[in-house]
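Observations on chain architecture
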Amino acid sequence: MGILWQDIRYGIRMLAKRPGITLIAVLTLALGVGANTAIYSVVDAVLLRPLPYKQPERLVFLSEWSHQVPGMSISMANFNDWRAMNTVFETMFPYRANRVVLTGQGDAEALQMREVTAELFPTFGVQPVLGRALNPSDDKVGSERVVLLSDGFWARKFARDPNVIGRKLELDKELYTIIGVLPSSQFHGSWRQYSVFSSLWRHEDTDGGPANRGNHPGIYAVARMKPGVTLQQAQAEMRGIAERLGKQYPNTNAGNSATVDSLLNAIVGDVRPSLLVLMAAVGFVLLIACANVANLMLARASERQKEMAVRTALGAGRFRLVRQLLTESMLLAILGSALGLLVAFLATRALGASAPANVPRIDGVSINTPVLLFTLGLTLFTGIFFGLFPAWQATRGDVHDAIKEGGRGGTATSGRKRFRSALVVTEVAVSLVLLVGAGLMIKSLYRVLNADPGFKPSGVLTAGFSLPEAQYTNADQRISFVNQLVAKLQAAPGVEAAAFKMPLLGGYQSGYVVEGRPLPEPGKGASTDITRITADGLKAMGIPILRGRNFTASDNEKSEHVCIIDTTMAESTWPGEDPIGKHISIFGRRDDPKAMDWMTVVGVAAHTKNYGVDQPSRVETYVPYAQRPMSGGVVVLRTTVDPMSLAPALQAAIHSLDKDVPVAQVRALGGIIEEGVAPRRLSAMLLSVFAGLALLLAAVGIYGVMSYMVMQRNQEIGIRVAFGAQRMDILKMILRSGMALLLLGLVIGLGGALYLSRFLESLLFQVPTRDPMIFASIPLILAAVALVACYLPARRAMGVDPIVALREE
């Protein structure tokens, strides 16, 4: 231990003797370690950290699958059979999202409700912090309405009053008894956003039964696998059960299957590729930083050859000298990592503030124990990586020659030259890979931002509301409310078009059949998104009618059922024909020809990309709201003024009709669209920052190597000048050495970029992974930067005075 402290004290003195080099090395490492630690903290929080449940690796996510609608929700009758027939799950529970209106607690408020069953609690392994959980009797149809509160809602509305149990809560004009408070901190991600939890099975409209097998009412499920059961076994058994149900109920289940995925992957699977790409990118940045510091250490090692020779002559062994130099390297690594932790702390704060809300589990990002251990590992890696070879080289060579050469540093050995050249080539190659990746991502983002979604989001205000079903019990009441609201808003100043739409983006998926054609085999027919709108719904969204007519006020509950389809549906269903006047059925029963509920196609609208311009889109069918009314939806206003300036008027119009109908999520449509591309924008920005940092570090590294090479060749340059070499000859000689390394790095980097760019394929939009423009322009940019980095030392070499150079020798 005494020798170690001696090495540390001596190392500190050596670092203090060259404060400039020490500071550059520490800052370089801080950037590399800080960037890696920050991104790893995100990866740890999002991808690696276990879900907050008992044995979370046994939890799986369940949904149904069909050719028409992959990843569709579960029929409740099918879920009951899954639960009865499986042998791989210990417990399983269904759930769905709902929105309810809270009244009687001040102003009316829209709340997010999670409808679950009593099996949630043993499946997740959680219990209420107050009161009791749901029990099987709560799940019976017609049972008393009960509700559990989230911890956040309990704190906000009841100030954590422990006497809240037994009190009544008015939701959708119906009284619910509060039976418990849930530990929100023990739920994952989006589950913490729900304010109240109630029973799913008690609703008659969701009661299981053979007649409902074709109904998929937004239900998904979570299950806990039995001990020893693997995900593959669970997947195989559930597919087998789905296949048996398909044979038993061919009209509704034929061709359908069940999907089983780990719950963690179901939550974070969409962001995993982006985070892994960013983790690889910051790893490359750290590699370049280590290469730069290794070059600095190699230069210092050359200057200390005489010192090493003297110590060797006095009896120090090679291992002792290598240990001393590695101690100095580790001191640099520790200083760089300590500063890097500060950089990481600031970076994670910035990431937390700028990260889109739709990135799962991003709220858990922090510098915690696993992140600190990761940083410790980086410290050890960097200290050994950039210190070992310079230390080994510094202790090589003949002691007599080193002492005889005195303090001039000597000429670099061929081994050191090769190592230094290899570092430069590596920096260029890695920088090129990062720059190509950033270029592809930026071009992809540009394509996304400039893609046509099929509608015009600018100048549009949206707001959601829900009518309490206990108060608005029939269709006439809902239609009347919506019609009055739209009329009020249409008359407001600055409103160009007002409408009601459900849903705002996307749609409810369903299969459809065409009149006069044979019924498709169950599960293999075409499907469409369904959107309910009022007369000016398409105008408000900026979706043009290309053929036929728009809806009018006369398309109501008493008139012929009609629909508007989009161009993709027209082209796929009636290629080369005019679809106007054709009939389709979406809502009818296919097993009863008399109940097909035919709709007449009266118009063809432009196709829209409702799920995002970079996401697969489906065919779309619009139906008049008055013919298919629902209790909730979205008001859409196309304005001639700033959309948000009309928010007070919109809220006032709704409350003038019913003060107990809350208005939720009043937002500009453009902002909603921006949110959709926010994760892609953040990934492109971070990758660009890392690529820019890599380019800067590579340029500094090339400059440092070329400067050191000029210094080492001062005598040679002086002799050449003394024998008549011109300034341009010296310039060409230095540039030739630097550009040879650059070209080799570019060739290797291009090969690496061609190979690694394929891992970006799933992240790109309308950009090939081997985009010619990117692969042609990026090497030129890197070559230009490297040329400048080589030119500056070369220009200094042109001014070498031969007399001074020879006198130094």
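Notes on the structure follow. Predicted model, so just to flag it, every value in this text is computed and none were measured.

Summed over all chains, the structure comprises 18 aromatic pairs. Centre to centre, the rings of phenylalanine 153 and phenylalanine 158 are 6.2 Å apart; their planes meet at 80°, and the pair counts as edge-to-face. Neither residue differs from the other here; phenylalanine 153 and phenylalanine 158 are each classed as buried. Among the aromatic residues, ring-to-ring pairing joins Tyr53, Phe93, Tyr95, Phe124, Phe187, Trp191 and Phe197 into one connected group. Residue placement shows arginine 114 over the ring face of tryptophan 191; its charged tip is 4.3 Å from the ring centre.

Structurally, aspartate 597 is set in the loop between strand S18 (583-585) and strand S19 (598-605). With relative accessibility at 25%, the residue aspartate 597 sits in the partly exposed group. Between the alpha carbons of aspartate 597 and phenylalanine 587 there is a distance of 6.4 Å; along the sequence they are ten residues apart. Among the polar contacts made by the side chain of aspartate 597, one reaches the side chain of histidine 561 at a distance of 2.9 Å. Separated by 2.8 Å, the side chains of aspartate 597 and arginine 628 make a polar contact.

Take the packing of helix H15 (residues 475-490) against helix H18 (residues 647-657) next. Two elements in contact, H15 and H18, have axes separated by 10 Å at closest approach and are oriented at 140°. As for the relative orientation of H15 and H18, their crossing is right-handed in sense. In contact with Phe481, Gln484, Leu485, Lys488 and Leu489 of H15, H18 contributes Ala649, Leu650, Ala653, Ile654, Ser656 and Leu657. Of the residues belonging to the contact of H15 with H18, the class tally is eight nonpolar, two polar and one charged.

Another point: the pattern of salt bridges. Using the criterion set out here, one finds 22 salt bridges in the structure. Its salt-bridge partner being glutamate 674, residue arginine 681 comes within 2.8 Å of it at the nearest N-O pair. Residue class for arginine 681 comes out partly exposed when judged on its relative accessible area of 31%. Residue glutamate 674 is classed as partly exposed on the basis of its relative accessible area, which comes to 39%.

Across the five residues of strand S17 (residues 562-566), five count as buried, placing the element largely inside the fold. Residues Val562, Ile564 and Asp566 point to one face of S17 and Cys563 and Ile565 to the other, with burial holding for every one of them. Sheet analysis places S17 next to S19, joined by five bridges and oriented parallel. Paired with isoleucine 565 across the two strands is valine 604, which belongs to S19. When S17 meets strand S20 (residues 620-624), the two strands line up antiparallel, connected through two bridges. Residue pairing in the sheet places isoleucine 564 in a bridge with tyrosine 622 of S20.

As a further point, take the environment of tyrosine 53. Within the secondary structure, tyrosine 53 is located in the loop between helix H2 (19-48) and strand S1 (59-65). What tyrosine 53 contacts, discounting residues up to four positions off in sequence, is Leu59, Phe124, Val126, Gln186, Phe187, His188 and Leu263.

With that out of the way, let us pick up a nonpolar patch on the surface. Taken together, the side chains of Tyr703, Val788, Tyr791 and Leu792 define a hydrophobic patch exposed on the protein surface, amounting to about 340 Å² of accessible area. Broken down by element, the nonpolar patch gets its largest block of residues, three residues, from helix H22 (residues 772-798). Topologically, tyrosine 703 is positioned in helix H19 (residues 669-712). Given a relative accessible area of 34%, tyrosine 703 falls into the partly exposed group.

Reading guide: rules and limits
Residues numbered from 1 in each chain as written. Predicted model: local features only at pLDDT ≥ 70, side-chain atom pairs only at ≥ 80, totals over all residues. Heavy atoms only, no water. Phe/Tyr/Trp six-rings, centres within 6.5 Å; stacked < 30°, edge-to-face > 60°. Buried < 20%, exposed > 50% of the residue type's maximum accessible area, 1.4 Å probe, protein only. Lys NZ or Arg CZ within 6 Å of the ring centre and 35° of its normal. Helix = DSSP H or I, 4+ residues; strand = E, 2+ residues; numbered from the N terminus. Polar contact = N/O pair within 3.5 Å; in protein donor to acceptor, adjacent residues only side chain to side chain. Axes fitted to C-alpha atoms, helices over the stretch in contact; angles between N-to-C directions. Left-handed = near helix turned anticlockwise from the far one by under 90°. Contact = heavy atoms within 4.5 Å. Nonpolar A, V, L, I, M, F, W, Y, C, P; charged D, E, K, R; others polar. Salt bridge = Lys/Arg side-chain N within 4 Å of Asp/Glu carboxyl O. Pairing = 2+ DSSP bridges. Patch = residues over 30% accessible without salt bridge, like charges linked within 9 Å, V, L, I, M, F, W, Y side chains within 5 Å. Areas by Shrake-Rupley, 256 points an atom, 1.4 Å probe, with all protein chains shown as cover.

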